[in-house]
Every structure is written in structure tokens, then in C-alpha cells.
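# Report on the structure
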Amino acid sequence: MEWALAHGLTVVGYSIIKPAKTSYYLEPLQDPHVSEIAGRIGRSPSQVLHRWALQLGLAVIPRSSRREGIAENARLFDFLLEEADMRLLNGLASLSAGTPGRRCPAWAEDVYGLGALPEAM
């Protein structure tokens, strides 16, 4: 992602908050950390995750088939996530994709220290 931004490219995510079943223990929308942030700032988990992606510099194309969901998706530009919340969400991204000794995704801050752990066999 850093390379793309440095070269003037825009990374776009379509419906990025409901990924296909992979190695996630929890879907992002059901993560208690995301729910806590959403409750504290009076937003939905979907809005929190879309706003997080926007603040990272991504372009997002949210989707919904419900009228309420479409209206909710339109309300992403009237709030900001605090730095602590951004770091927490970045850390969750590294926990879901990283392994001991390997930071993944490379752009995510290693909030939980996975890179310092011995590599997995």
C-alpha cells in the first residue's frame, strides 16, 4: 500500500469489510474491538471499518442492498477516528494476517509485537 500511495496510485476496496472466509477467527464486523469503537463514537461497525480504510488513504466502494445500509454508507465523511483507534485497527489487521516472526500486511504497524516472536515452523 505504501508503494502504491508513493507512486500516486489509489488502492480501491470493494466491500472490503466482509471478506471471504479465510483465516479470520472473527469477521471484522463482529470483532469486539470494532464494536467498542463503534459504540463509543455512535457509529456502526461498518462505518468504523470504512472510515479506517479511508483514513489509511484507500478508496472504498461500500455495498448494501438495504436502503438503511446505503444511507449509512453515505455517512463516512462527517467523523474521524482518533489515532489510538487507528492504531488498534491496524493492529487487528496485523493479527489477522500476520504470523510469528512475519509482519503482514507490511504497511500495518506491529502493535502486538508479532515480528519479534520466533518464526512459525
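A few points on the structure. (Residues numbered from 1 in each chain as written. Predicted model: local features only at pLDDT ≥ 70, side-chain atom pairs only at ≥ 80, totals over all residues. Heavy atoms only, no water.)

## Focus: the packing of helix α2 (residues 32–41) against helix α3 (residues 45–55)
Direction vectors running N to C along α2 and α3 enclose 100 degrees, while the axes themselves pass 8 Å from each other. Looking at the two axes, α2 sits roughly perpendicular to α3. Here Val34, Ser35, Ile37, Ala38 and Ile41 of α2 lie close against α3, whose contacting residues are Pro45, Val48 and Leu49. Taken together, the residues of the contact of α2 with α3 sort by class into seven nonpolar, one polar and no charged. (Axes fitted to C-alpha atoms, helices over the stretch in contact; angles between N-to-C directions. Helix = DSSP H or I, 4+ residues; strand = E, 2+ residues; numbered from the N terminus. Parallel < 35°, antiparallel > 145°, perpendicular 65-115°, else oblique. Contact = heavy atoms within 4.5 Å. Nonpolar A, V, L, I, M, F, W, Y, C, P; charged D, E, K, R; others polar.)

## Description of the side chain of Arg51
Relative to the assigned elements, Arg51 resides in helix α3. A polar atom in the side chain of Arg51 sits 2.8 Å from the backbone oxygen of Leu76. Engagement of the side chain of Arg51 in a polar contact is seen with the backbone oxygen of Phe79, the distance being 3.4 Å. Excluding anything up to four places from it in sequence, Arg51 contacts Leu76, Phe77, Phe79, Leu80 and Leu81. (Polar contact = N/O pair within 3.5 Å; in protein donor to acceptor, adjacent residues only side chain to side chain.)

## Remarks on helix α4 (residues 67–74)
Of the residues making up α4, those classed as buried are Gly69, Glu72 and Asn73. What you see down the axis of α4 is that its buried residues fit within an arc of 100 degrees, all on one side. Seen from the buried face of α4, the exposed residues on the opposite side, beyond 90 degrees, are Arg67, Glu68 and Ala74. Turning to α4, the residues buried within the fold contact α3. (Buried < 20%, exposed > 50% of the residue type's maximum accessible area, 1.4 Å probe, protein only. Arc of directions from axis to C-beta.)

## A closer look at the pattern of salt bridges
Across all of its chains, the model carries four salt bridges by this definition. For the salt bridge of Asp85 with Arg40, the shortest nitrogen-to-oxygen distance reads 2.7 Å. Placement of the pair is Asp85 in helix α5 (residues 83–97) and Arg40 in helix α2, with a sequence separation of 45 residues. By relative accessible area, which is 7% here, Asp85 ends up buried. Classification of Arg40 by relative accessible area gives partly exposed; the value is 42%. The structure contains a network of salt bridges with shared partners spanning Glu36, Arg40 and Asp85. (Salt bridge = Lys/Arg side-chain N within 4 Å of Asp/Glu carboxyl O.)

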